[in-house]
Amino acid sequence: EISNRVRPHHTLASVWSWMHCVCASVFELNPTAMCVVGNIVMIYIEGKACWILIDLDASCDLGAPAGQKVTSSAFFPPEMARRELDKLKDKPESEPETVVASKQFEMWYIGLLVYQLTTLDSLTVWSSDQADNIDGLQMRQLAYEWDVLKAAKLDRIVWPQAKHLVTWLLQENVTHRPQ
C-alpha cells in the first residue's frame, strides 16, 4: 500500500525532471516559443523502464492554430474535441472553433500525464483503441460534459495532492487552466 503511494511521487518527479530537460532542449534548438505536443510512453529496454516522448510532429508555435495534425483523441482537451465534432457535421452552422496553441492548452496535456502517472494502472482517462483514439460517445462527453464527469474520472488517482493538481490542470474552460 505504501509503495503504491511512494512510486507515483518518484515517477512523477523523474518524468517532470526529464520533461524539463526535453523542453529545455527543444527551446534551445528553437528559440521561438513552442507548444510541445506529444505523448509520453513507457517502454522497456534491456529490462529497464524508460520514458520516451512520441508524436512530436504535432507540435507548433505558441499562438498558432493547434491540432493541424489530429492524432490520439484520448488526449484531446475539450476545445479540440468540440472542434473535431464540428468538422463532422454535415452542414455546420458556422466555421469550426479555432484552437490556438497556448500555455493553457499545454496544461491539459500535462494534466493527463500526471493523471496517468498517479493511477495504479497508468491508463488514459478514456477507454481508447491502440492508437489512443476514443469513440464518438466519449468524444461528445469530453467536448460537452467534461465538468460533470471529471470528479468520477479523477477518483482513480491514488495520490491526493496529485488529484488536486490534476483537477486544476484539467479545467474544461481553457482560461481557467494555469498559465
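Caption draft 1: Main features of the overall build of the chain. In terms of helices and strands, the chain carries 6 helices and 4 strands. Each helix and strand of the chain, placed in order from N terminus to C terminus, yields the pattern α-β-β-β-β-α-α-α-α-α. Looking at the chain as a whole, 41% of its 179 residues are labelled buried. When contacts within the chain are restricted to residue pairs at least 6 apart in sequence, long-range pairs at least 24 apart make up 63% of them. By element, 57% of the accessible surface of the chain is carried by carbon and sulfur atoms, the whole surface being about 10400 Å².

Caption draft 2: Quick peek at the packing of aromatic side chains. Scanning the model with the defined rule gives 3 aromatic pairs in all. When the centroid spacing of 5.5 Å and the interplanar angle of 70° are considered together, the rings of Trp 108 and Trp 146 count as edge-to-face. On the criterion of sequence distance, the pair formed by Trp 108 in helix α3 (residues 103-117) and Trp 146 in helix α5 (residues 146-154) is long-range, its members being 38 residues apart. Every member of this aromatic cluster is reached through a ring pair, and the members are Trp 108, Trp 126 and Trp 146.

Caption draft 3: Fine view of the packing of α3 against helix α6 (residues 160-169). Contact geometry of α3 with α6 gives a least axis separation of 8 Å together with a crossing angle of 155°. Taken together, the axis directions place α3 and α6 in an arrangement best described as roughly antiparallel. When the axes of α3 and α6 are compared, the crossing they make is left-handed. Within the contact between the two elements, α3 uses Met 107, Trp 108, Ile 110, Gly 111, Val 114 and Tyr 115 and α6 uses Ala 162, Leu 165, Val 166 and Leu 169. Broken down by class, the residue content of the contact of α3 with α6 amounts to 9 nonpolar, 1 polar and no charged.

Calculation criteria
- Residues numbered from 1 in each chain as written.
- Predicted model: local features only at pLDDT ≥ 70, side-chain atom pairs only at ≥ 80, totals over all residues.
- Heavy atoms only, no water.
- Helix = DSSP H or I, 4+ residues; strand = E, 2+ residues; numbered from the N terminus.
- Buried < 20%, exposed > 50% of the residue type's maximum accessible area, 1.4 Å probe, protein only.
- Contact = heavy atoms within 4.5 Å.
- Areas by Shrake-Rupley, 256 points an atom, 1.4 Å probe, with all protein chains shown as cover.
- Phe/Tyr/Trp six-rings, centres within 6.5 Å; stacked < 30°, edge-to-face > 60°.
- Axes fitted to C-alpha atoms, helices over the stretch in contact; angles between N-to-C directions.
- Parallel < 35°, antiparallel > 145°, perpendicular 65-115°, else oblique.
- Left-handed = near helix turned anticlockwise from the far one by under 90°.
- Nonpolar A, V, L, I, M, F, W, Y, C, P; charged D, E, K, R; others polar.

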